[in-house]
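# Per-entry structural report
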Amino acid sequence: MRIIVPVKYVPDIEAGYEFDQAGRLDRGGDGLLSQLDEYPLEQARRLAEQTGAEVVALTVGPDEADEAVRRALQMGADRGVHVSDEAIAGSDASATALVLAAAISHLGGADLILCGAGSADATTSLIPVQLAARLQIPALTGAASLTVQDGVVSVRRDEDAGSLTLAAALPALVSVDDKAGEPAYPSAKAVMLARKKPIDLLELADLGVDAAAVGAAAAKVTVVGIEPVPPRAGGQVLDAESDDVVAAFVELLQANALI
Amino acid sequence: MVGFAIAGLAATVIGWTALGWRVVAFARLFAAGAPEVAGSRRDQPWRRTATMAREFLLHRKLARKPLVAVAHWATMFSFLVLVTTLAQATGQLFDPHFDLPVIGRWAPWGWLTEFFAWAGLVGIGVLIAIRLRASRRSEGRRSRFFGSHQWRARYVEATILAVVVLVLWLRGLESAAAGDGDRARFGSTAWIGRLYPQDLPDAVLGLWISTLALAKILVSYAWMVVVGLTPTMGVAWHRFLAFPNLWTGRQADGSPALGALPGLVVDGRAVDLTDPEVDESVFERLGAGRVADLTWRDRLALATCTECGRCQEVCPAWATGKALSPKLLVGALRDHAFGAEATPGPLVGGESAWAVAPEALWACTTCGACVEACPVGVEHVDQVVELRRHQVMVAGEFPAELAGAFRNLERRRNPWGVLAKKRLDWTKGLDFDVPVLGQDVESLTEVDYLYWVGCAGAFDERGQATARAFASLLHRAGTRFAVLGSAECCTGDPARRAGNEALFATLASANVEALNAAGAGAGAAKIVVTCAHCLNSLANEYGPFGGRYQVIHHTELLAELIDQGKLRPQNQPDGIGGLTYQDPCYLARHNGQVSAPRRVLESLPGLELADMSACGRRGNCCGAGGGQMWMEESGERVNARRFAEARATGADAIATACPFCNVMLSDAAGSAGADTPVRDVAELVLAALPTAP
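Residues numbered from 1 in each chain as written. Chains lettered and ligands numbered in written order. Predicted model: local features only at pLDDT ≥ 70, side-chain atom pairs only at ≥ 80, totals over all residues. Heavy atoms only, no water.

Below, the discussion takes up the sheet that holds strand β7 (residues 578–582) of chain B. Residue and element names in this part refer to chain B. Strand order in the open sheet formed by four strands is β8-β7-β9-β10, with parallel pairing between adjacent strands. One side of each edge strand has no neighbouring strand; the edge strands of this open sheet are β8 (608–609) and β10 (678–680). Note: strand β9 (residues 653–656) against β10, three bridges, orientation parallel. Across the sheet, the residue bridging to Ala655 is Arg679, located in β10. Across the sheet, helix α24 (residues 595–602) touches β7, β8 and β9, and the angle it forms with β7 is around 165 degrees. (Pairing = 2+ DSSP bridges. Helix = DSSP H or I, 4+ residues; strand = E, 2+ residues; numbered from the N terminus. Contact = heavy atoms within 4.5 Å. Axes fitted to C-alpha atoms, helices over the stretch in contact; angles between N-to-C directions.)

Shown next, in the form of structure tokens:
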């Protein structure tokens, strides 16, 4: 069995996001593996432990993105594939799914594709379903747990009203949410061994994807504007020592139509 | 009489065989242990011999309980001297008038024997009384003997008591049997002989002597058989094994095995985890996970532990009801290694009844009080870290909270997980610019000191206040200094002490690279730190990574600046009168600095410094070390206990010299609903300076 986990290299959210004039996220700074991708990697590691499956971490991104693949290798993936091409820069979700699908086909397909529930930066959660559509395989999204038996993957999806158990014959795609098991901290051994695991570099030409079909020019969605959330105004503090603090408080509540 | 001789000789053969067999078995067990680093623990043989002799003759560690020290010293020497009486008694089985050749009839030898027999009698009597008193049921966990094998100890004590009584009794009988002209050599036992009727026939007296001699022989050899069959009986074995254990201590000079932790070793060779070519076969063998991983010295130390409980008595984890007692941890490892329960299973967790409980392993603060207290040279902290290394790097089993700290250290290079670009946030609000290396200062040759701010100084609110105060003091004293800014990262101390040596190595290498690039090293500017943990790592642990620096603690520099008159404290700081001082474990115990912070505090006007009962090298931990800062604590809090001890001094405020002590004691004050201020020494000095012009 082969499990492919598409992973994303995202900017460090704490560093604050910076955007260029076209409204695109600056991906040049310090980044890391999207935390949401750690959950599918953990599930892949556990499945591989049970079944001996091969786990491939696949990313599409700039040169720095190999850091995310390296982390995935530490977390149990057997090998990495990094698709990087100038032409891909600025791609929207649709084009990214196209490249991922082409890469998966190039690798000879997968029995199971495990995705994160979304990326930690854009969080559109579009990739899992678009990728499944391009590969023409079933997509089970938002899995809180999953099992594979006799060529069938079953997942449990927790929703507000209750839980759903869904099953699909392999090959299939499953997106795993953060209710699935917490990712294990990689042992020193895993970290050391990951240094020697291969990461294959691929370009669009290797995948047979037309450069005109991807990139900013081919994007079907345009970012028209980006507005940061305005910083919160400081709260108002009433002096508890003052005699008329209660009156002042009531007045404040009334003025804001809270009572 | 023939029967006596046969019984005595049979006991002799059986006793020595049992003891000899066990000595050989021990030698094999130790030899089968994993090797120590080549050349270690055997270097400087003369110095080691001197150390061993000093500890043996002076009982320095035992002297903290003076009565125990004197009693133990007397008992120990009586054993050495009275071994000869075993030969004497053997002779008496054949001939009641037997005396040792050459010295046997020499009066001073007789007096010496009697002196040590009496000394041994008093000594063992005192030790028995102390043990009984200290292990009263009402003492519970507070007793240092809680969890010790009491009956084994009582058996050893009873043997010694019986032997010294029999030696004295025999001497009395011998004096009765000796002619009148020969009584001088029985200075203090002749009265015992006079208790017998003067007209007792010689044959009856002889029978008395032979009977008691046989009793003495049986008592002694029974002990050898019991001890020979019980390798886990440290209370007996320490009298032999303490010597090699003290001789092979980590430090040839006998100083406690604290400060730097030993590096990773597999098969006696240092393992460099930052080396990409490192042999993959070592990955399964990092740290100590099974008995096979215990080195010969680990095994020797385990067998030597006498269960006296001095470590347990000073352990902050034990005192607050945690599962950890250094004594019980050593006992569990020992029983696991070569007791009847010896199993090949994992040392930590697992099925064996003797496996160390994970809760115990992860409760250690690595404060080192146990190591400092141990009279026989057991190196508990090193042992704990070896176990943790295996748990973290091989087994992957450790408290979940630690994984968060590890991730933060990996991603952001500090345990708080704050971005490196915020490393200079602490400088906001200062009325002068803090020079940053590489921006305002080209190289370390332009400054006197590199101020290593540390992660706490950079990111923790209390630590930032300390950093601001210390930088202000450097500025006001006219000292030329610089900071590394965003190039600084965690020294790796929390990772290392939590067993993540790989992460420590990564961080240490990064720091050494940054420091060496800045020109740090011998002859360059000193590094000054406000954190005791940073001090320990930078000064003691970076050598193997190519970083050898002169590192001083900020209290040392402040003492110097005050002595030189560059800082002149004039005011009573913050109106504080009575003050107590928390010795950071990694400053005082691990690095021996107890005087500088006190000198600084004593130079501040209006302050009355009152030490806590446990202070200096023997101070109690705040609870943050060994990675505890990043773990959940259950039950009574170590910091709350320490805070209560601080309050008991009647002080209005607590001074600290480490940001972790500061955080822990501030939190404890908050939880206790007390408004006792907790201040770093630097903050107090700044508050004592005249208002800036």
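All right, on to the nonpolar core then. Trp426 and Tyr451 of chain B are the most contacted members of the largest nonpolar core, which totals 176 residues. Broken down by element, the residue count for this core peaks at eight residues, all from helix α20 (residues 501–517) of chain B. Ignoring anything within four residues of it in the chain, the contact list for Trp426 of chain B reads Val434, Tyr451, Val453, Gly457, Ala458, Gln464, Ala467, Arg468, Ala471 and Val483 of chain B. Of all hydrophobic cores here, the second largest spans 34 residues; its members include Ala72, Leu73, Val148 and Ala180 of chain A. (Core = buried A, V, L, I, M, F, W, Y, C linked by side-chain atoms within 4.5 Å. Buried < 20%, exposed > 50% of the residue type's maximum accessible area, 1.4 Å probe, protein only.)

Here we come to the state of the cysteines. Applying the stated criterion across every chain, the model contains zero disulfides over all chains. No disulfide involves Cys489 of chain B; its sulfur sits 7.2 Å from that of Cys490 of chain B, the nearest cysteine. (Disulfide = S-S within 2.5 Å.)

Turning our attention to the packing of helix α18 (residues 461–476) of chain B against helix α22 (residues 554–563) of chain B. Residues and elements named next belong to chain B. Running from N to C, α18 and α22 cross one another at 30 degrees; their axes reach a closest spacing of 12 Å. In terms of orientation, α18 and α22 fall into the roughly parallel class. As α18 runs across α22, the sense of the crossing is left-handed. Of the residues in α22, those in contact with Phe470, Leu473 and Leu474 of α18 are His554, Leu557, Leu558 and Leu561. (Parallel < 35°, antiparallel > 145°, perpendicular 65-115°, else oblique. Left-handed = near helix turned anticlockwise from the far one by under 90°.)

Here we come to a nonpolar patch on the surface. All names here are of chain B. There is a patch of nonpolar side chains on the surface, built from Leu161, Val165, Trp169, Val204 and Trp208 and spanning about 370 Å² of accessible area. Within the residue set of the nonpolar patch, elements represented by two or more residues are α5 (150–177) and α7 (202–229). Ranked by the residues each element gives to the nonpolar patch, the list is headed by α5, at three residues. Along the chain, the position of Val204 falls in helix α7. Classification of Val204 as partly exposed rests on a relative accessible area of 33%. (Patch = residues over 30% accessible without salt bridge, like charges linked within 9 Å, V, L, I, M, F, W, Y side chains within 5 Å. Areas by Shrake-Rupley, 256 points an atom, 1.4 Å probe, with all protein chains shown as cover. Salt bridge = Lys/Arg side-chain N within 4 Å of Asp/Glu carboxyl O.)

Once that is clear, we can look at the domain arrangement of chain B. Residues and elements named next belong to chain B. Domain boundaries assigned for chain B yield domain 1 (2–17 + 69–135 + 147–229), domain 2 (256–398), domain 3 (409–562) and domain 4 (567–688). With centres defined by C-alpha atoms, the gap from domain 3 to domain 4 works out at 22 Å. Contacts between domain 3 and domain 4 engage 32 residues on the former and 33 residues on the latter. Looking at the side of domain 3 facing domain 4, the largest losses of area belong to Arg462, His533 and Ile562, adding up to 22% of the total buried there. Scanning the region where domain 3 abuts domain 4 turns up one salt bridge. Its salt-bridge partner being Arg462, residue Glu683 comes within 3.3 Å of it at the nearest N-O pair. Counting across the domain 3 and domain 4 interface gives 10 residue pairs in polar contact (both at pLDDT 80 or more). At the level of secondary structure, the elements contributing two or more residues to the side of domain 3 that touches domain 4 comprise α18, α19 (493–497), α21 (532–541) and α22. Examining the composition of the side of domain 3 that touches domain 4, we find that nine residues originate from one element, α18, more than from any other. For the side of domain 3 that touches domain 4, the residue count by class is 17 nonpolar, 10 polar and five charged. (Domains from an automatic or database assignment. Buried area = accessible area lost by both parts, 1.4 Å probe. Polar contact = N/O pair within 3.5 Å; in protein donor to acceptor, adjacent residues only side chain to side chain. Nonpolar A, V, L, I, M, F, W, Y, C, P; charged D, E, K, R; others polar.)

Listed as interface residues are 17 residues of chain A and, on the opposing side, 26 residues of chain B. Notably, a salt bridge pairs Arg407 of chain B with Glu38 of chain A, separated by 4.0 Å at the nearest N-O pair. On inspection of chain A and its partner chain B, the count reaches nine residue pairs in polar contact (both at pLDDT 80 or more). Looking at the side of chain A that touches chain B element by element, the count peaks at four residues for helix α5 (residues 188–194) of chain A. Here the side of chain A that touches chain B is composed, by residue class, of eight nonpolar, two polar and seven charged.

Positionally, Glu64 of chain A belongs in the loop between β4 (54–60) and α2 (66–74). Spatially, the C-alpha atoms of Glu64 of chain A and Pro171 of chain A are 31 Å apart, while their sequence positions differ by 107 residues.

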